Amino acid sequence: MNSPLLGATIVSALATCGVTDVVLSPGSRNAALSLALHEADSSGRIRLHVRIDERVACFTAVGLARGSERVVAVVTTSGSAVGNLAPAVMEAKAAGVGLLLITADRPAELIGTGANQTGEQVGAFGPSVLASVRLSSLTDNIAAWGAAVQRSHVVASGRRSRRPGPVHINAEFSAPLVGPVPEVDVRLADVSASDGVTVHEVTDAERTVVLVGDASRTAGMEARALAELSGLPLFAEPSSNARTGDNAIAHYRLLLDTDLGAGIRRVIRFGHPTLSRPVTALLSRRDVELIVVTDRADWNDVGHRAAAVVDRVLIPEGDPGWLERWQVADRKVAAEREASVGWDGHAVAEAVVAAVGPGEQLFFGSSQSIRDADLAPIDQRPARVWANRGLSGIDGTLSTATGVALATGEPTTVLIGDLTLQHDMGALVAPPLEPGCDIRAVVVHDDGGAIFSTLEQGAPEYEEAFERVFGTPQGTDLAAVAAALGWETTTVTDHAALSNALAGPVRGRQLVVALISRHGRRAAEAALSETGR
């Protein structure tokens, strides 16, 4: 019965596996882990991040894992603390982000007895984890504990399966919970990676487009290179890391419902496209051949139309006239939109995209802001971009962006809605004893849920109920809240003021609140959908 030994073994195994960052939420039952992590941080073996809110902690871990491209562990105590990880775990599963969820637990004989902070933690995450592992301090078997942590890490990394995601390690600690942190030598197996190398060769490029959804920088660069080498139109979402270059079509989603869009006969798809109904419709068309390019063991196919799922694609050069038609149509839409520039969400998104460049990180919140950015002009010197698009939830956005900033060490800008920020208020707290980062949050503040105005429930027949159950204005002074928590805040109401706020360097914690109106959004979006026809 040795809880300090179990805690030290888990931490030693994490470091031996190559885990560099661990996020900890303090508690009693996880005390042995906390002391071992503090010792590992002090000796430089692991970088520790402490967050008191478990939901904030887990989303921060998601950002750290994405930014570092490594598995990150998050550690909690027992009881309801475990349940607070669930939203980030669901996102990590859908997005293929490697996490180790290390939850401290009471001994098995106390489960079901009503003992304090004791619940059914095994299986708590259901199908949202790739695997579940149980450890107990009663066994005193260092080799077994270390091997279990390594197996969990290998599964979470996707090293063998090519399917990364979250893994749950439930560790049962018996009293006494604390004591000197023992030195542990954990010996692990040498596990080689399994890499896919299949190449799919397309014999012609007739009326083919390259479509890129939310994707890693590597996948985005590959998609862009394929489009440019083959002379194909490139449809790239804001978080694709491919939205740049001469082949990128800024207003592709507005053109999909035109005769030009109807002429598409093949889509080569990278990443996870989720932003617009026109894209979903394209991927579901029976007259379109869909080739899915992925580096994972599984793939997305919302329309059940994939003709091939491959690692790489070879395709001959396409007809220059096909690309030129898309470029001409794109320029026409851009000119029409330029004539009706106003102060709205599109204006804020365009300003943010233009202000963030190479050597910086740009994180998009889900909901309306990233969709506004999907119509921004193509940036020829883009930043590295991110978004939580696995499940496209708005919770945990600022926490995840903070994790990205901590992992990369680079200035990070977040484009976020006011309700999205309110779902993650805990992330505004920056514990003074923890590693810091340079982060700027630009909040599109229209006092409610702008996206619902553009959907079915925004129709006139639902007007009476709309504001209360969809628009949901909160009347919150977000600048005052952030200032009280130590952020440097600025409120802007026009283009010039926003440009000035974005002109300076990102240093420390900055919050820019852009006040706009939701009124007239539905009509404006309806008019926008007619642009270019």
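Residues numbered from 1 in each chain as written. Predicted model: local features only at pLDDT ≥ 70, side-chain atom pairs only at ≥ 80, totals over all residues. Heavy atoms only, no water.

1. Here we look at the overall build of the chain
Here is step 1: Along the backbone of the chain there are 19 helices and 19 strands.
Here is step 2: In terms of overall size, the chain behaves like a compact globule, its C-alpha atoms giving a radius of gyration of 24 Å where 533 residues would be expected to give roughly 24 Å.
Here is step 3: Buried positions account for 54% of the 533 residues belonging to the chain.
Here is step 4: Contacts in the chain between residues at least 24 apart in sequence constitute 77% of all its contacts with a sequence separation of at least 6.
Here is step 5: Computed over 46 positive and 62 negative side-chain charges, the inter-centroid distance for the chain is 3 Å. (Helix = DSSP H or I, 4+ residues; strand = E, 2+ residues; numbered from the N terminus. Rg over C-alpha atoms; globule rule 2.2 N^0.38 Å. Buried < 20%, exposed > 50% of the residue type's maximum accessible area, 1.4 Å probe, protein only. Contact = heavy atoms within 4.5 Å. Lys, Arg positive; Asp, Glu negative; His and termini not counted. Charge placed at Lys NZ, Arg CZ, Asp CG, Glu CD.)

2. Comments concerning the sheet that holds strand β12 (residues 306-310)
Here is step 1: Overall, parallel pairing links the five strands, which are arranged β9-β8-β10-β11-β12 in an open sheet. Every interior strand has two partners, whereas the edge strands, β9 (234-236) and β12, have only one. Here the strands of the sheet are splayed against their neighbours by 20° on average, with no regard to which way each runs.
Here is step 2: As defined by bridge partners, strand β10 (residues 266-270) adjoins strand β11 (residues 289-293) across five bridges and the pair is classed as parallel. Bridging across to β11, R269 finds its partner in V292.
Here is step 3: Helix α10 (residues 277-284) contacts β8 (208-212), β10 and β11 of the sheet and is inclined by roughly 120° relative to β10. (Pairing = 2+ DSSP bridges. Axes fitted to C-alpha atoms, helices over the stretch in contact; angles between N-to-C directions.)

3. Focus: empty space enclosed by the protein
Here is step 1: Using the criterion set out here, one finds one cavity of 30 Å³ or more in the structure.
Here is step 2: Computed from the structure, the largest cavity encloses a volume of approximately 30 Å³.
Here is step 3: When residues in the lining of the largest cavity are grouped by element, the largest group, three residues, is from helix α2 (residues 31-42).
Here is step 4: Classifying every residue of the lining of the largest cavity gives eight nonpolar, one polar and no charged. (1 Å grid on protein atoms, 1.4 Å probe; cavity = no way out; pocket = protein on both sides within 12 Å on 5 of 7 lines; lining within 4 Å. Points joined across faces, edges and corners; volume = space filled by probe spheres on them. Nonpolar A, V, L, I, M, F, W, Y, C, P; charged D, E, K, R; others polar.)

4. Side note on unusual backbone geometry
Here is step 1: Here A175 and P176 are connected by a cis peptide whose omega angle stands at 0°.
Here is step 2: Mapping P176 onto the fold places it in the loop between β6 (166-172) and β7 (199-201).
Here is step 3: Positive phi outside glycine occurs at E69, with the angle close to 55°.
Here is step 4: On the basis of relative accessibility, which here comes to 58%, the residue E69 falls in the exposed class.
Here is step 5: Positive phi, close to 60°, is recorded for S392, a residue that is not glycine.

5. Concerning the packing of aromatic side chains
Here is step 1: Across all of its chains, the model carries five aromatic pairs by this definition.
Here is step 2: Here F466 and F470 contribute two aromatic rings whose centre-to-centre distance is 6.0 Å and whose plane-to-plane angle is 35°, an arrangement assigned as tilted. You can see F466 and its partner F470 sitting in helix α16 (residues 463-471), four residues apart, about one turn around the helix.
Here is step 3: Look at F466 and you get buried, because its relative accessible area is 10%.
Here is step 4: Here the aromatic residues F235, Y252, W322 and W326 are joined through ring pairs into a cluster of three or more. (Phe/Tyr/Trp six-rings, centres within 6.5 Å; stacked < 30°, edge-to-face > 60°.)

6. Some remarks on the pairing of strand β15 (residues 384-387)
The side chains of a regular strand alternate between both faces of the sheet.
Here is step 1: The alternating pattern of β15 places R384 and W386 and V385 and A387 on opposite faces, both of which are buried.
Here is step 2: Sheet topology places strand β14 (residues 361-364) next to β15; four bridges connect them, and they run parallel. Pairing of F363 across the sheet is with W386, part of β15.
Here is step 3: Following the backbone out of β14, through helix α13 (residues 368-373) and into the adjacent parallel β15, one traces a crossover that is right-handed. (Right-handed = clockwise from strand over helix to strand, strands pointing away.)

7. Some words on the pattern of salt bridges
Here is step 1: In total, this model carries 22 salt bridges according to the counting rule given.
Here is step 2: D214 is paired through a salt bridge with R66; the nearest N and O atoms lie 3.8 Å apart. You can see D214 sitting in the loop between β8 and α7 (217-230) and its partner R66 sitting in helix α3 (residues 54-68), a full 148 residues away along the chain. In this pair, the class of D214 matches that of R66, namely buried.
Here is step 3: For R162, the salt bridge goes to D311, with nearest N and O atoms at 2.6 Å. In this pair, R162 is assigned in the loop between α6 (142-157) and β6 and D311 in the loop between β12 and β13 (312-314), connecting sequence segments 149 residues apart. Here R162 matches D311 in class, with each residue buried.
Here is step 4: Through salt bridges with shared partners, a single ionic network connects D204, R266 and E289. (Salt bridge = Lys/Arg side-chain N within 4 Å of Asp/Glu carboxyl O.)

8. Description of the nonpolar core
Here is step 1: Counting 42 residues, the largest nonpolar core has L99, L101 and L398 as the members making the most contacts within it.
Here is step 2: It is α3 that contributes the most residues to this core, seven residues altogether. (Core = buried A, V, L, I, M, F, W, Y, C linked by side-chain atoms within 4.5 Å.)

9. Brief notes about the pairing of β6
Here is step 1: For β6, the tally of buried residues reaches seven of seven residues, placing the bulk of the element in the interior.
Here is step 2: Side chains P166, H168, N170 and E172 of β6 all project onto a buried face; the interleaved residues V167, I169 and A171 project onto the opposite face, where all are buried too.
Here is step 3: This β-α-β element, strand β5 (residues 131-136) to α6 to β6, shows right-handed connectivity.

10. Overview of the packing of helix α1 (residues 3-17) against α2
Here is step 1: At a minimum axis separation of 8 Å, α1 and α2 run at an interaxial angle of 45°. By the criterion of interaxial angle, the relationship of α1 to α2 is oblique. Considering how the two elements wind past one another, α1 and α2 form a crossing that is right-handed. Within the contact between the two elements, α1 uses S3, P4, G7, A8, I10 and V11 and α2 uses A32, L33, A36, L37 and A40.
Here is step 2: Grouping the constituent residues of the contact of α1 with α2 by class yields nine nonpolar, two polar and no charged. (Parallel < 35°, antiparallel > 145°, perpendicular 65-115°, else oblique. Left-handed = near helix turned anticlockwise from the far one by under 90°.)

11. What to know about α10
Since the α-helix advances by 3.6 residues per turn, residues separated by three or four positions end up pointing in the same direction.
Here is step 1: Among the residues of α10, P278, V279, L282 and L283 are the ones counted as buried. Projected onto a plane normal to the axis of α10, the buried residues spread over an arc of 135° and lie on a single side.
Here is step 2: On its buried side, α10 packs onto β8, α8 (252-255), β10 and β11. (Arc of directions from axis to C-beta.)

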